[in-house]
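Residue-level structural notes
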Amino acid sequence: MADGRATATLSSLLTSGRSATKTAVAPLTRRTTPCGATRPRGTSSRPRFAPTRPVLGHRHLSTTTTSSSASASSMSETHKTSTHFCDACGSETSVLVPEGDNRPRRVCQNCGKVHYVNPKVVVGCLVEHTCEETGARQVSLCRRAIDPCRGLWTLPAGFQECGESTSEGAARETREEANAEVSIAAPYAHLDIPAISQTYVIFRGTFKHASASRSGSSLHSPGQETLETRLFDLEKVPHEEIAFSSVRVVLGKYAEDVRRGRYSFHHGVIEKEAGVAASSPRFKLAQYTGLPTEHKL
Ligand SMILES: [Zn+2]
């Protein structure tokens, strides 16, 4: 940021004994925070709690300036996505290493709350089906109506919500994306993707009312985020049009299980380089473990 007053470190402000509110920028404009950062729409023009007081026991790294390239470059990916305002008291946060910790976090300048950012959990369902006409083993896929990967095929999956278990989330996502009611059979895969701070928990499931449908077509239909739902014979899965690396891994392992005639539980770490598209086959499955289960196909 060009304005040197706005990029003065919090440490210097605290050392001087003056509050950030008085020192950083004066007079305040309607679109800036006390330290010069751009203020989100709808927030107050003054801090909810003032003046800012020292937060003891933390190692200060930089001021919290949302538009400062200097401070942004010192932050990890997690801090780019974390809040710049405290969710407990509404004051601004700074990037600090809390006492006893070993990595930077966003810490409230006022109440000292540490805002941890942790990986997201994605839950989903591999819905199995046997075609009553051909006897073929099939899986249910959804063609995405939204980005990322619009137009490509995926398992019904999405972020786990607060207050639900992973299996409940998998069933909910299947209901939302494929209008399908499923019975969860067993956990099937756990995949980590550290590069994007996500972990995937995929369950096996079957349509609840499969016996009432000969063709399977009435068992599923596109939800709001889906262009099309379809049951694919395993050998006809469109591998060139799969949306995500995690889905690619799950479908590949499922095909191996079907060939063997027995389910395993699959765990691994998907490693990919920064900037590689979500749908790209350019990734490595590391630390893979396939644990045989008692479940036969
Ligand atoms: Zn706070």
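Residues numbered from 1 in each chain as written. Predicted model: local features only at pLDDT ≥ 70, side-chain atom pairs only at ≥ 80, totals over all residues.

With an unreviewed UniProt entry as reference, the chain is termed MutT/NUDIX hydrolase, source organism Chloropicon roscoffensis.

**Some words on the overall build of the chain**
For the record, the criterion: Comment: elements are numbered from the N terminus, with helices defined as DSSP H or I runs of at least four residues and strands as E runs of at least two. With C-beta atoms placed from the backbone, a contact is any residue pair whose C-beta atoms sit within 7 Å.
The helix and strand tally for the chain stands at 6 helices and 13 strands. Pairs at least 24 residues apart make up 62% of the contacts formed inside the chain by residues separated by at least 6 positions.

**Thoughts on the environment of Val 95**
So the rule is basically this: Put plainly, a residue is buried at 20 or more neighbouring C-beta atoms within 10 Å of its own, exposed at 12 or fewer, and partly exposed in between, counting only other residues' C-beta atoms, which are placed from the backbone.
Examined against the element boundaries, Val 95 turns out to sit in strand β2 (residues 93-98). Val 95 sits in the buried class, given 23 other C-beta atoms within 10 Å.

**Some points on the pairing of β2**
Just so we agree on the cut-off: Each pair of strands is called paired provided DSSP finds at least two bridges between the two strands.
Pairing of β2 with strand β3 (residues 105-108), which is carried by 4 bridges, proceeds in the antiparallel orientation. For Leu 96, the partnering residue across the bridge sits in β3 and is Arg 105. Counting the residues in the hairpin turn of β2 and β3 gives 6 residues, including Gly 100, whose phi is positive at 85°.

**Examining the confidence of the model for the chain**
Definition in use: The quantity called pLDDT is the predictor's confidence in a given residue, expressed from 0 to 100.
Averaged over all residues, the pLDDT of the chain equals 78, while 70% of them reach at least 70. A low-confidence stretch, residues 1-56 stays under pLDDT 50, and its non-local contacts, those more than four residues away or across chains, total 93 contacts. Low pLDDT, under 50, characterises residues 62-76; the predicted model gives this stretch 42 contacts beyond four residues in sequence or across chains.

**As for the environment of Tyr 116**
Along the chain, Tyr 116 falls in the loop between β4 (114-115) and β5 (120-130). The exposure class assigned to Tyr 116 is exposed, which follows from the 11 C-beta atoms found within 10 Å.

**Quick word on the nonpolar core**
To keep it simple, the criterion reads: Defined on buried residues, the nonpolar core groups Ala, Val, Leu, Ile, Met, Phe, Trp, Tyr and Cys residues joined through C-beta atoms within 7 Å.
One finds Cys 125, Leu 126, Val 127, Leu 155, Ile 202, Val 247 and Val 250 to be the most contacted residues of the largest nonpolar core, which totals 36 residues. At the level of elements, β5, β6 (137-144), α5 (166-178), β9 (182-193), β10 (198-207) and α6 (245-260) are the ones that each hand at least two residues to this core. Non-local contacts of Ile 202, meaning those with residues more than four positions away in its chain, are made with Gly 124, Cys 125, Leu 126, Leu 155, Tyr 188, Ala 189 and Val 250. By size, the runner-up hydrophobic cluster in this structure holds 6 residues, among which are Phe 85, Cys 86, Leu 96 and Cys 108.

**With respect to unusual backbone geometry**
Between Asp 147 and Pro 148 the backbone carries a cis peptide bond, its omega angle lying at 0°. With respect to the helices and strands, the residue Pro 148 is situated in the loop between β6 and β7 (153-154). The backbone of Asn 179 sits at a positive phi, close to 45°, despite the residue not being glycine. Within the element layout of this structure, Asn 179 appears in the loop between α5 and β9.

**With respect to the pairing of β10**
The side chains of a regular strand alternate, residue by residue, between the two faces of the sheet. Of all 10 residues in β10, 7 are buried; the element is thus mostly enclosed. Two strands pair when backbone bridges link them, and β5 and β10 are joined in this way by 9 bridges, in the parallel orientation. The residue bridging Val 122 from the neighbouring strand is Tyr 200, located in β10. As defined by bridge partners, β9 adjoins β10 across 10 bridges and the pair is classed as antiparallel. Bridge assignment links His 190 to a residue of β10, and that residue is Val 201.

**Description of α6**
Using the following cut-off: Here a helix's expected span is defined as the number of its residues, less one, multiplied by 1.5 Å.
Counted at 1.5 Å a residue, the expected span for α6 with its 16 residues is 22 Å, and the 23 Å between its end C-alpha atoms agrees. Along α6, the residues classified as buried are Ser 245, Ser 246, Val 247, Arg 248, Val 249, Val 250, Leu 251, Lys 253, Tyr 254 and Asp 257. Phi for Gly 261, located one or two positions after α6, is positive at around 85°.

**A closer look at the environment of Ala 170**
Relative to the helices and strands, Ala 170 is located in helix α5. Classification of Ala 170 by C-beta neighbours within 10 Å gives buried; the count is 31. For Ala 170 and Ile 202, which are 32 residues apart along the polypeptide, the C-alpha to C-alpha distance reads 7.3 Å. Aside from chain neighbours lying at most four places away, what touches Ala 170 is Val 123, Gly 124, Cys 125, Ile 184 and Phe 203.

**Notes on α5**
With 13 residues, α5 ought to run about 18 Å at 1.5 Å a step, and its terminal C-alpha atoms sit 18 Å apart, in line with that. Along α5, the positions that sit buried rather than exposed are Gly 169, Ala 170, Ala 171, Glu 173, Thr 174, Glu 177 and Ala 178. Residues of α5 that are buried in the fold lie against β5, β6, β8 (157-159), β9, β10 and β11 (226-233). Positive backbone phi, approximately 45°, marks Asn 179, located one or two places after α5.

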